[in-house]
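Structure at a glance
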Amino acid sequence: MKHVAIVLGTSRSDGNTRKLISLIENKLENRRVGCRLFILNEFQISPFDYEHKNLNDDFLPMIHQLLSY
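Summary of the structure given here. Quick caveat, the model's predicted, so the values are computed rather than measured. (Residues numbered from 1 in each chain as written. Predicted model: local features only at pLDDT ≥ 70, side-chain atom pairs only at ≥ 80, totals over all residues. Heavy atoms only, no water.)

Comments concerning the side chain of Asp-57
The following threshold applies: Numbering of helices and strands runs from the N terminus; a helix is a DSSP stretch of H or I covering at least four residues, while a strand is a stretch of E covering at least two. Each residue gets one of three labels from its accessible area relative to the maximum for its type: buried under 20%, exposed over 50%, partly exposed in between, using a 1.4 Å probe on protein chains only. When charges are counted, neither His nor the chain ends are considered; positive counts come from Lys and Arg and negative counts from Asp and Glu. What counts as a salt bridge is simple: a side-chain nitrogen of Lys or Arg found within 4 Å of a carboxyl oxygen of Asp or Glu. N or O atoms closer than or at 3.5 Å make up a polar contact, with two conditions inside protein: a donor-capable atom paired with an acceptor-capable one, and, for residues adjacent in sequence, both atoms drawn from side chains. Here a residue-residue contact requires only that any non-hydrogen atoms of the pair lie within 4.5 Å.
Mapped onto the secondary structure, Asp-57 falls in the loop between β2 (34-39) and α2 (59-67). As a buried residue without a salt bridge, Asp-57 has its nearest oppositely charged side chain in Lys-53, at a separation of 13 Å. In terms of polar contacts, Asp-57 uses its side chain to reach the backbone amide nitrogen of Ser-46, at 2.8 Å. Other than its neighbours up to four places away in sequence, Asp-57 contacts Gln-44, Ile-45 and Ser-46.

Remarks on the side chain of Glu-25
Tracing the sequence through the fold places Glu-25 in helix α1 (residues 16-30). Here the side chain of Glu-25 touches Arg-18 through a polar contact of 3.3 Å, side chain to side chain. Sequence-distant contacts of Glu-25, defined by excluding residues within four places in its chain, comprise Ile-6, Arg-18, Cys-35 and Leu-37.

Topic: unusual backbone geometry
Non-glycine residue Arg-32 carries a positive phi angle of around 60°. Looking at where Arg-32 falls in the secondary structure, it is placed in the loop between α1 and β2. With phi around 60°, His-52 is a residue other than glycine that occupies positive phi space. Along the chain, the position of His-52 falls in the loop between β2 and α2.

What follows is the structure, encoded as structure tokens:
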């Protein structure tokens with residue numbers, strides 16, 4: 001089975017873009033393609049800083065998950 005990652009990076013997670021993604025997810029499901037949706041609003045991602053205060057946010061774990069696709 002193929003796998004696809006979809007990244008939703010909009011400020012309105014339930015808006016028109018999400019509706020379009022739902023249609024795409026249904027098409028992929030019908031073709032037996034696995035799909036994982038990453039909604040960026042659900043991750044705790046800090047801005048970059050030179051003091052590395054953002055080491056415990058969700059950015060690196062999320063990137064490692066995305067790289068598996």
